[in-house]
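Here are the chains, one letter per residue:
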Amino acid sequence: MSALSLEDLHEADAPQNVALSRSVGWKDVESEWRVLHRAAHVRGVRHEGHVIAQGALGDYGSCASLAKMVVAKHHQGQGLGGRLLDAFLEEARARRIAVGLCATEQGRPLYASRGFQASGEIAVLFGAVSGPSAPASVVTLLDAERAVELDARFSGCDRSRMVRARAAEASTRLELTTEAGFALATDQGDHTLVGPILAESEAGARALLLGVAAAVGGKLRVDVPLPQAGFRSWLAERGLSDMGHRVEMAHSAPRMPWQAPERFALASQAWG
Ligand SMILES: CC(C)(COP(=O)(O)OP(=O)(O)OC[C@H]1O[C@@H](n2cnc3c(N)ncnc32)[C@H](O)[C@@H]1OP(=O)(O)O)[C@@H](O)C(=O)NCCC(=O)NCCS
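1. Section: the overall build of the chain
- Broken down by element type, the chain carries 8 helices and 13 strands.
- Taking 19 Å as the expected radius of gyration for a compact globule of 272 residues, we find that the chain reaches 18 Å, a close match to that expectation.
- The principal-axis extents of the C-alpha atoms in the chain amount to approximately 60 × 35 × 30 Å.
- Scored against the burial criterion, the 272 residues of the chain give a buried share of 54%.

Encoded structure:
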């Protein structure tokens, strides 16, 4: 196993990245990986022509988001995940930046062993919204740079590469006319991922969610920070179910700047 070396992965590897994620039960799609390759440093390990380990460090300038850490089942427990994580942490250390992530139960011990600490918790909400209708306060966001500007205001770091790449892949992009706020939604095949939802108020976040539901129909997935209790109960009333929780973790900081009160939905678990 020690002969296997880490290498940078590129957009042409996206089908293999999706296959590896799916092999551990994740529902990744290629558009997600196109965004990762455009906005993150993707590294992995190849064995006999196949990607058997992968991870991505999303560059937010003054901090970073770590995502998509997967080792193929037959190669787990042999140190590959640890080596990949150490390489990313070395990159972050050299730049003196903090790293945040959303951990699975399986990943948590690995991150804890490298000094990550819990910084928050999120709930995954899923289902079809009953009786959606687009509120008058919501309009299509035509210029991706407007999303970049709003995101920077709320997230406190430079997520512009991610926001541009996600806006380009989005099925719906909405903005509020009544306050600062926007939402993006991406097609995941059998459902739509709504995120980020960033708004000054819960009323704004609700309007954005209803606007997305009216535009795309079908089942929605929304990853909501636990402190947004009012928004979560409202989503439950509108027909979404709580599918489970995940812990957010941070390295070299107590919490990450994007864990802001105006964050009603994560961009995705990969992107915070
Ligand atoms: C989480 C994951 C990436 C870890 O990769 P891995 O190659 O198996 O991890 P490693 O072999 O490097 O082990 C990492 C640490 O966990 C420990 N560990 C590994 N397998 C273990 C097991 N079966 N039981 C207990 N501890 C274990 C190791 O001791 C190691 O600690 P150390 O580096 O301090 O010695 C891998 O299990 C995986 O892909 N899981 C499915 C996808 C997932 O949940 N990813 C995490 C996303 S947040």
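2. Quick look at the site of the ligand
- Contacts to the ligand come from 19 residues, most closely from Met 69, Val 71, Gly 79, Gly 82 and Thr 104.
- The side chain of Gln 76 places a nitrogen or oxygen atom 3.5 Å from an oxygen atom of the ligand.
- Contact with the protein chains removes 63% of the 930 Å² of surface that the ligand exposes when unbound.
- Counting atoms within 2 Å of the grid points, the majority share of the ligand lands in the largest pocket.
- Contributions of two or more residues to the shell around the ligand are made by strand 4 (63-71), helix 3 (80-95), strand 5 (98-103) and helix 4 (108-113).

3. Description of the pattern of salt bridges
- In this structure the tally under the stated criterion is 20 salt bridges.
- The closest approach of N and O atoms between Arg 146 and Glu 149, which form a salt bridge, is 2.9 Å. Of this pair, Arg 146 and Glu 149 both sit in helix 5 (residues 144-155), 3 residues apart, which is roughly one turn of the helix.
- Glu 149 is the partner of Arg 153 in a salt bridge, and the nearest nitrogen-oxygen pair spans 3.8 Å. Taken together, the residues Arg 153 and Glu 149, both in helix 5 and 4 residues apart, mark about one turn of the helix.
- When salt bridges that share partners are traced, they join Glu 11, Arg 34, Arg 38 and Glu 169 into one network.

4. Quick look at empty space enclosed by the protein
- Tallying each qualifying case throughout the model produces 3 cavities of 30 Å³ or more.
- Quantified by volume, the largest cavity comes out at close to 50 Å³.
- As for the largest cavity, its lining consists of 14 residues, and the residues nearest its centre are Leu 101, Cys 102, Glu 248, Trp 258 and Gly 272.
- At the level of secondary structure, the elements contributing two or more residues to the lining of the largest cavity comprise strand 5 and strand 12 (241-251).
- In terms of residues, the lining of the largest cavity owes the most to one element, strand 5, which gives 3 residues.
- Here the lining of the largest cavity is built from residues that sort into 7 nonpolar, 6 polar and 1 charged.

5. As for the state of the cysteines
- Taken as a whole, this structure holds 0 disulfides when the rule is applied.
- Here Cys 63 is not cross-linked by a disulfide; its sulfur's nearest cysteine counterpart is in Cys 157, at 3.7 Å.
- Here Cys 63 falls in the buried class, since its relative accessible area comes to 2%.

6. Looking at the nonpolar core
- Counting 62 residues, the largest nonpolar core has Leu 66, Tyr 111, Phe 116 and Trp 271 as its most contacted members.
- When neighbours within four sequence positions are excluded, Tyr 111 is seen to be in contact with Leu 66, Met 69, Leu 85, Leu 101, Ala 103, Phe 116 and Met 249.
- Listed in part, the 26 residues of the second largest apolar core include Val 129, Leu 176, Val 222 and Ala 265.

7. Considering the packing of helix 1 (residues 14-23) against helix 2 (residues 30-39)
- Running from N to C, helix 1 and helix 2 point in directions that differ by 120°, and their axes come no closer than 9 Å. Overall, the two elements helix 1 and helix 2 adopt an arrangement that is oblique. As for the relative orientation of helix 1 and helix 2, their crossing is right-handed in sense. Taking contact as the criterion, the partners of Ala 14, Pro 15, Asn 17, Val 18 and Ser 21 in helix 1 are, on helix 2, Glu 30, Trp 33 and His 37.
- Partitioned by chemical class, the residues of the contact of helix 1 with helix 2 number 4 nonpolar, 3 polar and 1 charged.

Reading the values: the criteria
- Residue positions within a chain follow its written sequence, with the count starting from 1.
- Confidence filtering applies because this is a predicted model: local features only for residues at pLDDT of at least 70, side-chain atom pairs given and counted only at 80 or more, and all residues used for totals across whole chains, interfaces and linings.
- Water and hydrogen atoms play no part in the side-chain values, which are based on all heavy atoms of the structure.
- Counting from the N terminus, the helices are DSSP H or I runs at least four residues long and the strands are E runs at least two residues long.
- Only C-alpha atoms enter the radius of gyration; for comparison, a globular chain is expected to reach 2.2 Å times N to the power 0.38, where N is the number of residues.
- Exposure categories follow from relative accessible area, calculated using a 1.4 Å probe and restricted to protein chains: below 20% of the type maximum is buried, above 50% is exposed, and the middle band is partly exposed.
- Each residue is tested against the molecule or strand, and it is near if at least one of its non-hydrogen atoms lies within 4 Å.
- Any pair of N or O atoms that falls within 3.5 Å is considered a polar contact. Within protein, one atom must be able to donate a hydrogen and the other to accept it, and sequence-neighbouring residues count only if both atoms are side-chain atoms.
- Here the open area of atoms and residues is found with the Shrake-Rupley method and a 1.4 Å probe, where only the protein chains shown may cover a residue.
- A 1.4 Å probe that fits but cannot get out identifies a cavity on a 1 Å grid over protein atoms alone, an open set with protein on both sides within 12 Å along at least five of seven lines counts as a pocket, and a residue lines either if it has an atom within 4 Å of a point.
- Think of it this way: if more than half of a molecule's atoms are within 2 Å of a pocket's grid points, that molecule is in the pocket or cavity.
- Any Lys or Arg side-chain nitrogen located within 4 Å of an Asp or Glu carboxyl oxygen qualifies as a salt bridge.
- Grid points are joined across faces, edges and corners, and a volume is the space filled by probe spheres set on the points.
- In this count, Pro and Cys sit with the nonpolar residues alongside Ala, Val, Leu, Ile, Met, Phe, Trp and Tyr, while Asp, Glu, Lys and Arg are called charged and the others, Gly among them, polar.
- Whenever a pair of cysteine sulfur atoms sits within 2.5 Å, that pair is classed as a disulfide.
- What we call a nonpolar core is a set of buried Ala, Val, Leu, Ile, Met, Phe, Trp, Tyr and Cys residues that are connected through their side-chain atoms within 4.5 Å.
- Residue contacts are counted whenever heavy atoms from the two residues lie within 4.5 Å of one another.
- Lines are fitted to the C-alpha atoms to define the axes, a helix being fitted only along its stretch in contact, and any angle between axes, read from their N-to-C directions, falls within 0 to 180 degrees.
- By definition in this entry, angles of less than 35 degrees are roughly parallel, angles greater than 145 are roughly antiparallel, angles of 65 to 115 are roughly perpendicular, and the rest are oblique.
- Two helices that cross are described as forming a left-handed crossing if the nearer one is turned anticlockwise from the farther one by less than a right angle, and a right-handed crossing if clockwise.

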